[in-house]
Amino acid sequence: MHLKEGCSLLLKVRRPSISFVLNTNPIIDLKQETDPTLTVLNESDVLKRLNHERDIIVALEYFKSVTNRRVFKHTHLTYQAMIDKLGNETELDGIQYLLQQMKLEGISCSEDIFVSVLNSYKRAGAAEQALKTFYRIQDFDCKPTVKIYNHLLDTLLNENRFQMIIPIYNNMKKDGVEPNVFTYNVLLKALCKNNRVDGAHGLLVEMSRKGCSPDAASYTTIVSALCKLGKLKEARELVIGFSPIVPAYNALINGVCRDLEIEEAFLLLDEMVNRGISPNVITYTTIIDALCNMVDVELSLVVLAQMFVRGCSPNIHTFSSLMKGFFRKGAVYEALAVWDRMAGEGCEPNVVAFNTVIHGLCLNRNLIMALSFFDQMEVNGCSPNVTTYSTFIDEFGKSGDLDGATKMWNMMITRGCHPNVVAFTCMVDVLCRCSMFNQALCLIETMRLEGCPPNTVTFNTIIKGLCRSGRVDWAMKVFDEMENGSGCSPNVTTYNELLDGLHKEGNFEKAFWLVKEMVNRGIDLNLVTYNTIICGLCYAGMIEEALQNLGKMVVKGIHPDTITFNTFIHAYCKQGKVKPAIELMGGMAVGGCNPDVFTYTNLIYGLCQWLSLENAMIYLDKMLKEGLSPNVATWNVLVRSVFNKVGFSGPVHLLENILGNG
């Protein structure tokens, strides 16, 4: 896709096609047959070469060549090694071909090979193809075993194909294959994913009745499901009801941390010790991560110290959580010190750790250092993933660097890293920031063609860009396409962006219709929605209507914030109603808000415009005493006021005073 001169966006780089044809019936060359230099290979030699070869094309060429040179006849083990390699690259056509080749050569497909095939389909997200291959299992001289059934069920579960799981389970019993604990655990996960926790409880009873004792994974699955449903009390009762196991406690602690009940997490930590089990690195890291998400890094360091005291060593995820906490706090130096400590502890950084530090540096606007860590990834042999590239694309976009974002995108594509919905959305945002809306819409169309449908955030991104560039009519067309053409439901953010655009162009009738549609759809208006409506009405001088919306907002239990107060203060001052503006600023503290530089600047403007410069200077002094630094807009208001009222020498004198006070 052409963006501008010397700047194009790659949309897809196809991998070179791999030839799978084996010459199993070569024309016999008598010279080759009697050539004494040809060395016959044994199985271990071929396996060693296949297992050590990283390049899939080279591995396959070698696999074919040993057959075509008649120096080795492949066994089920060499076929399995090649199938594993193809599976890692999701070359499903190649796997199917090799299965057929095994059949032609009379080599039975072992249980392990068939499991490897199913795992390849799972990795590729091809559950339906896995099921079709399973139904042909007899063709490959392989009988379905409990292990094969389990892996098939797990493949179906991986894609939430719940409607297929029960028939396969029934088929398993019909074949006389006895389910084991792994089978039941897959069924438990399926029930819990469907929020059928009661059914999962019933399955636990069935397991015990059939003499198959539930294991740690069984109980942990149900505890996790209860926590996700917010049933923490039931989850805790279940944990207390069976012999203490660390994974179940970890799931419970994760649940309470998700609800920010940190005190409860610490109580559970003590309870584990009292019941005779030791918290592990996952237990501690879960709590540390929750604290770092709350930017309470100091307390997370206390938990880290407790880990060391109890003889539990932190892992890469522990250090990554700590770095994330420091970065969120803006403490870049401390975050990098954790990185150094991680290396000192012998933790080899993986892609998660690199992504954490890169995202943290970008968050703190240190793109240059983030790029140095990107280079370090390559030196360490750690391949960047789609999250790495998305972080950089997003940061280049925020910096207004189209070339940088494009180069990073193209690098991702050429290296065979497939963009996901987040990466596509980041690139759509880059294009929108550069007002390249046609190109952004083309990229959204590419998403559909690539089997990565745009989501609500993708559409919100382009709607936001169009509205903020004054193209509200175009944004409304995209809004219609979003639902009618793409089946993507708008959310409160979608409506907020459209309302902001409509209010700014004075289209209150359309804005009112959108608000009505939100209510009819059951989408709750939030603080941003009300602030947007109030701002639009105040901008149009409709303060009474804005006050009515403020009343609705308060009745719904939504408290006004500083933006709400500033909007009304600005509107009052613009209309010369300075006294209500002063009263409103006085009531901010009661509403739990503090005046900021915009509050004072608006009020100083009103005082200068409608009352006197002396009154304005009183509020300037008050502003300085509260530790707020006036910005350029504040000084502009004051200088203009002096210029208008006391002549040319006034602003010069005022500027001298400003410079004299630093």
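- Identification of the chain as Pentatricopeptide repeat from Macleaya cordata is taken from an unreviewed UniProt entry.

### Some points on the packing of aromatic side chains
Here comes step 1: Evaluation of the coordinates by the stated rule reveals 11 aromatic pairs.
Here comes step 2: Ring geometry for F63 against Y79: centres 5.4 Å apart, planes inclined by 70°, an arrangement best described as edge-to-face. Linking F63 in helix α3 (residues 56-68) with Y79 in helix α4 (residues 76-88), this pair joins segments that are 16 residues apart in sequence. For the residue pair F63 and Y79, the accessibility class agrees, reading buried in each case.
Here comes step 3: Ring geometry for F374 against Y389: centres 6.1 Å apart, planes inclined by 70°, an arrangement best described as edge-to-face. Here Y389 lies in helix α22 (residues 386-398) and F374 lies in helix α21 (residues 367-379), a separation of 15 residues in the sequence. Each member of the pair F374 and Y389 is classed as buried.
Here comes step 4: Put simply, the rings of F134, Y135 and Y149 pair up and form one aromatic cluster.
Here comes step 5: Lying across the ring of Y62, R49 places its NZ or CZ 4.4 Å from the centre.
Here comes step 6: The residue whose ring lies beneath K510 is W513, and the NZ or CZ to ring-centre distance is 4.8 Å.

### Overview of helix α28 (residues 492-504)
Here comes step 1: The end-to-end C-alpha separation of α28 is 18 Å, in line with the 18 Å expected for 13 residues at 1.5 Å each.
Here comes step 2: For α28, the tally of buried residues reaches 11 of 13 residues, placing the bulk of the element in the interior.
Here comes step 3: The complete set of buried residues in α28 reads V492, T494, Y495, N496, E497, L498, L499, D500, G501, L502 and H503.
Here comes step 4: Elements in contact with the buried residues of α28: α26 (456-468), α27 (472-484), α29 (508-521) and α30 (527-539).
Here comes step 5: The N-capping residue of α28, defined by a side-chain oxygen 3.1 Å from the backbone nitrogen of T493, is N491.
Here comes step 6: Immediately downstream of α28, the backbone of G506 shows phi near 80°, a positive value.

Thresholds applied
Residues numbered from 1 in each chain as written. Predicted model: local features only at pLDDT ≥ 70, side-chain atom pairs only at ≥ 80, totals over all residues. Heavy atoms only, no water. Phe/Tyr/Trp six-rings, centres within 6.5 Å; stacked < 30°, edge-to-face > 60°. Helix = DSSP H or I, 4+ residues; strand = E, 2+ residues; numbered from the N terminus. Buried < 20%, exposed > 50% of the residue type's maximum accessible area, 1.4 Å probe, protein only. Lys NZ or Arg CZ within 6 Å of the ring centre and 35° of its normal. Expected span 1.5 Å × (residues − 1). Contact = heavy atoms within 4.5 Å. Polar contact = N/O pair within 3.5 Å; in protein donor to acceptor, adjacent residues only side chain to side chain.

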